[in-house]
Amino acid sequence: MAEQTDSTRPEAATPFTAVPIEITVSVGRARPLVRDLLKLGAGSVLTLDKRLEDPVELYVGDRLIGIGALEVVDGGENGQLAVRLTEVVDFRSPS
């Protein structure tokens, strides 16, 4: 039987491994003037600083945890979005 290293060993189950967390996906930012923001209503379009094919950032709280690409889920609900991870932050390296 092959010995597992730290990088291949599954994390030991603890009560915390079953706790759900919220991940926020940042797709872009906008910097409208307050007067323009006050004019927004239903159907208004707010232009972001990124394009659809640009990478998105994934956060837990205010901590960046990864980078990914937006995708449409096949076979799921019509038009449901997902994120394919392209880079995961190494939490073991000093920040």
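Everything that follows concerns the structure shown earlier in this document.
**Q** Sorry, what's going on with the sheet that holds strand 3 (residues 63–72) here?
**A** Hydrogen bonds along the backbone pair up the strands of a sheet, which may run parallel or antiparallel. If you trace the four strands from one edge of the open sheet to the other, you get 1-2-3-4, paired in antiparallel fashion. This sheet does not close on itself; its edge strands, each paired only once, are strand 1 (24–26) and strand 4 (81–88). Strand-to-strand twist across the sheet, computed as the mean angle between neighbouring axes with direction ignored, equals 40°. Relative to strand 4, strand 3 runs antiparallel, the two sharing seven bridges. Paired with Val-72 across the bridge in strand 4 is Leu-81.

**Q** What exactly am I supposed to notice about the pairing of strand 3 here?
**A** Bridge count for strand 2 (residues 56–60) against strand 3 is five bridges, and the pairing is antiparallel. Bridged to Leu-58 within strand 3 is Gly-66. Hairpin connection from strand 2 to strand 3: two residues lie between these consecutive antiparallel strands, with Gly-61 at a positive phi of about 65°.

**Q** What is the right way to read the environment of Thr-17 from this model?
**A** Assignment of secondary structure puts Thr-17 in the segment before strand 1. Among the polar contacts made by the side chain of Thr-17, one reaches the main-chain carbonyl oxygen of Thr-14 at a distance of 2.8 Å.

**Q** Got a minute to help me understand the pattern of salt bridges in this structure?
**A** Side chains that differ in charge, positive against negative, can pair when their charged atoms come close. This model, assessed by the stated rule, comprises three salt bridges. Asp-54 serves as the salt-bridge partner of Arg-51, at 3.7 Å between the closest nitrogen and oxygen. On the basis of relative accessible area, Arg-51 is assigned to the exposed category, the value being 55%. Judged by relative accessible area, Asp-54 falls into the partly exposed class, the value being 21%. When salt bridges that share partners are traced, they join Arg-51, Glu-53 and Asp-54 into one network.

Conventions used here
Residues numbered from 1 in each chain as written. Predicted model: local features only at pLDDT ≥ 70, side-chain atom pairs only at ≥ 80, totals over all residues. Heavy atoms only, no water. Pairing = 2+ DSSP bridges. Helix = DSSP H or I, 4+ residues; strand = E, 2+ residues; numbered from the N terminus. Axes fitted to C-alpha atoms, helices over the stretch in contact; angles between N-to-C directions. Polar contact = N/O pair within 3.5 Å; in protein donor to acceptor, adjacent residues only side chain to side chain. Salt bridge = Lys/Arg side-chain N within 4 Å of Asp/Glu carboxyl O. Buried < 20%, exposed > 50% of the residue type's maximum accessible area, 1.4 Å probe, protein only.

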